[in-house]
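# Observations on the three-dimensional arrangement
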Amino acid sequence: MAFTQFFVLAIVAILVPSILAVEFMVGDDQGWTTNYDYQAWAKGKEFHVGDKLVFKYPEGAHSVIKVNGTSFQQCATSAGNGILTSGNDVIPLETLGNKWYICGVAKHCEVGNQKLSITVSEGSSSAARKSIAPMYYGWITAIFGILAMVMV
Ligand SMILES: [Cu+2]
């Protein structure tokens, strides 16, 4: 019995932090494609460490390459950066600063403007986070409290 409770609580403790992270569907309904204004899409959005970018597209139609600022400007697709091609590419934002992503297929970047640049900032300033974070710490406290009781 105690083990079952522990198991359930452990799962809750693992799942709850995922609520804090935001998953950004790049291009929203349009996904990752050509002739879409990704700068307009990114404008007004706040990206934080722990969030994720999801690039959705028909497999084989596009790709996602993380590049530096210079390669972004030039649409230069050097192989060393790693290329994602699954059509459902999830990129966790792990560090602060500017991130650049381009499509490596044909001239999608040059001609189709299939490129995205974002800035990952620290802190959690969005309203949603502010309301969720205290709830999360409340949960953790409750979980440890119940765990302590169960363990006795
Ligand atoms: Cu493409």
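As the structure is a prediction and not an experimental result, all values here were calculated from the model.

### So, the sheet that holds strand S1 (residues 23-25)
Reading across from one edge, S1-S3-S6 is the order of the three strands in this open sheet, with mixed pairing throughout. Pairing within the sheet leaves two strands with one partner each, and these edge strands are S1 and strand S6 (88-92). In this sheet, neighbouring strand axes are inclined to one another by 20° on average, regardless of whether the strands run parallel or antiparallel. By the bridge criterion, three bridges tie S1 to strand S3 (residues 52-56) in an arrangement that is parallel. Counted as the bridge partner of Met-25 is Val-54 from S3.

### A few points about the pairing of S3
Side-chain alternation along S3 places Leu-53 and Phe-55 on a buried face and Lys-52, Val-54 and Lys-56 on a face that remains uncovered. One ladder, built from five bridges, connects S3 with S6; its direction is antiparallel. Among the inter-strand pairings, Lys-52 is bridged to a residue of S6, identified as Pro-92.

### Thoughts on the sheet that holds strand S8 (residues 115-121)
Spatially, S2-S8-S7-S4-S5 is the arrangement adopted by the five strands of the open sheet, whose pairing is mixed. If you trace the sheet from one side to the other, it starts and ends with strand S2 (47-48) and strand S5 (83-84), each paired once. Judged from the two bridges that link them, S2 and S8 form a sheet pairing that is parallel. Across the sheet, the residue bridging to Phe-47 is Val-120, located in S8.

### What to know about the nonpolar core
If you look at soluble globular proteins, the nonpolar side chains tend to sit buried side by side. Among the nonpolar cores identified, the biggest contains 19 residues, and Val-26, Phe-55, Val-64 and Ile-102 are the most heavily contacted of them. Those elements that provide at least two residues to this core are S3, strand S4 (64-67), strand S7 (97-102) and S8. If we skip the residues at most four places from it in the chain, Phe-55 touches Val-26, Trp-32, Val-64 and Asp-89.

Conventions adopted
Residues numbered from 1 in each chain as written. Predicted model: local features only at pLDDT ≥ 70, side-chain atom pairs only at ≥ 80, totals over all residues. Pairing = 2+ DSSP bridges. Helix = DSSP H or I, 4+ residues; strand = E, 2+ residues; numbered from the N terminus. Axes fitted to C-alpha atoms, helices over the stretch in contact; angles between N-to-C directions. Buried ≥ 20, exposed ≤ 12 C-beta atoms within 10 Å, placed from the backbone. Core = buried A, V, L, I, M, F, W, Y, C linked by C-beta atoms within 7 Å. Contact = placed C-beta atoms within 7 Å.

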